[in-house]
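A structural walkthrough
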Amino acid sequence: VFKKNSQNQRTILQTIYLEKDIEKHSRAQDIIKSMGKNLSLIHCNHYGEVFNPKSQNFRLQKQNPALILAKKTGRLVLPVPTGFGIGGAHNYYFSHMLNCLYDCRYCFLQGMYPSANYVLFINYEDFQSSIDATLAQHQHDEKIYFFSGYDCDSLAYEPISHFVQEFLPFFAKRANAILELRTKSSNIRQLLQLNPIENCVVAYSLTPDAIAKAVEHKAPSIAKRVQAIQKLAAAGWKIGLRFDPLIDDENFEKYYQELLDNVFSILSPSAIHSVSLGPLRFPEKMYKRIVKLYPNEPLFAQSLSTRDKHISYSADRELQMKNFLLDKIKNYVDTTLLFQCNPL
Ligand code: SF4
């Protein structure tokens, strides 16, 4: 059983690195102004100079990450990995940000990058051109899904990034492009100020309260997430529910049943866009890196083993957990709205 952790503290940002190519960009200037005077501004040629060196202490940096303002180049919109999606045939992701304000112990970002600093790619116009170019490869009547919360939380950084403010009006004009905002954030002020659009799903990641308290450090409580869901649904936004990853516990059934009762009691079926669930799974090498960072983490003391070059619960336990959830969720939503993510 997980114990409540005392790490739920906000971090204070002190340093901004500014990439040469975008130092005059109005969005970069606005962000710097909005951060106030108590920061040190450091210029760099390319964000990789700060972000990529391997000798960095991720765990220490995570306590007080710097912000790196940069320009994303290369491929800005990419196909999602196999097994990721919510029922659509055409699925892409784009990352305007690398790393996250929160610190979930199961998050692959901990083992992905050598740095815990936040990179914010502020050339939103280029992302939007790439989304248009991707749409142009498909028929107008096809639904194309774009996932924005793959390398970060889509809403958590909104007061600084203005990501939603900039991308919602863009998606509003492209009805066949579905935007998923994947989040744990209760930062919904911006969404509530905008008119809801049919082609945006605000997808909340949910874990039972006791487990969330133990492993989702710095993330809003489940009560706050449920409150945010309720407000967004009442305002007309389509809600996604993501039980992903499923985390085991000796009280697994009790905890997940309570969570389902809690969230479905405040949500009308008509507000639900989709419900998905997914297993806990780490690529082997990534898992080793994360365990090295957090060797005393109770999550990694659970019964995990190697399967298909991934670390996960045993196939039997994974199936039991998944079937328990599927069985229960079917009491609340139509099965056509229910999806399983099976990342490999
Ligand atoms: S909220 Fe998502 S992206 Fe952020 S640390 Fe948790 S799992 Fe990772």
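All of the points below concern the structure found in this document. (Residues numbered from 1 in each chain as written. Predicted model: local features only at pLDDT ≥ 70, side-chain atom pairs only at ≥ 80, totals over all residues. Heavy atoms only, no water.)

Comments concerning the site of the ligand
Around the ligand, the structure places Cys100, Tyr102, Asp103, Cys104, Tyr106, Cys107, Leu109 and Lys184. Partitioned by chemical class, the residues of the shell around the ligand number 6 nonpolar, no polar and 2 charged. (Near = heavy atom within 4 Å. Nonpolar A, V, L, I, M, F, W, Y, C, P; charged D, E, K, R; others polar.)

Comments concerning the nonpolar core
Counting residues in each nonpolar core, the largest one holds 111 residues, and the members touching the most others are Leu69 and Phe243. Considering each element in turn, this core owes the most residues, 7 residues, to helix α11 (residues 252-265). Aside from chain neighbours lying at most four places away, what touches leucine 69 is Ile16, Tyr17, Leu18, Glu19, Ile22, Ala28, Ile31, Ile32, Leu120 and Ile122. Counting residues in each nonpolar core, the second largest holds 8 residues, with Ile86, Tyr93, Phe147 and Ile178 among its members. (Core = buried A, V, L, I, M, F, W, Y, C linked by side-chain atoms within 4.5 Å. Buried < 20%, exposed > 50% of the residue type's maximum accessible area, 1.4 Å probe, protein only. Helix = DSSP H or I, 4+ residues; strand = E, 2+ residues; numbered from the N terminus. Contact = heavy atoms within 4.5 Å.)

What to know about helix α5 (residues 124-136)
In this model α5 runs 18 Å from its N-terminal to its C-terminal C-alpha over 13 residues, within 8% of the 18 Å that 1.5 Å per residue would give. If you check which residues of α5 are buried, you get Tyr124, Phe127, Gln128, Ile131, Thr134 and Leu135. An end-on view of α5 places all buried positions within 115° of arc, on one side of the element. (Expected span 1.5 Å × (residues − 1). Arc of directions from axis to C-beta.)

Observations regarding the sheet that holds strand β16 (residues 305-307)
Strand order in the open sheet made by the 3 strands is β15-β17-β16, with antiparallel pairing throughout. Strands at the two margins of the open sheet, each flanked by one partner only, are β15 (281-283) and β16. Adjacent strand axes in the sheet meet at a mean angle of 35°, parallel and antiparallel pairs treated alike. For β16 and strand β17 (residues 310-312), the ladder comprises 3 bridges, and the chain directions are antiparallel. Counted as the bridge partner of arginine 307 is histidine 310 from β17. Running at roughly 100° to β15, helix α12 (residues 284-293) makes contact with β15, β16 and β17 of the sheet. (Pairing = 2+ DSSP bridges. Axes fitted to C-alpha atoms, helices over the stretch in contact; angles between N-to-C directions.)

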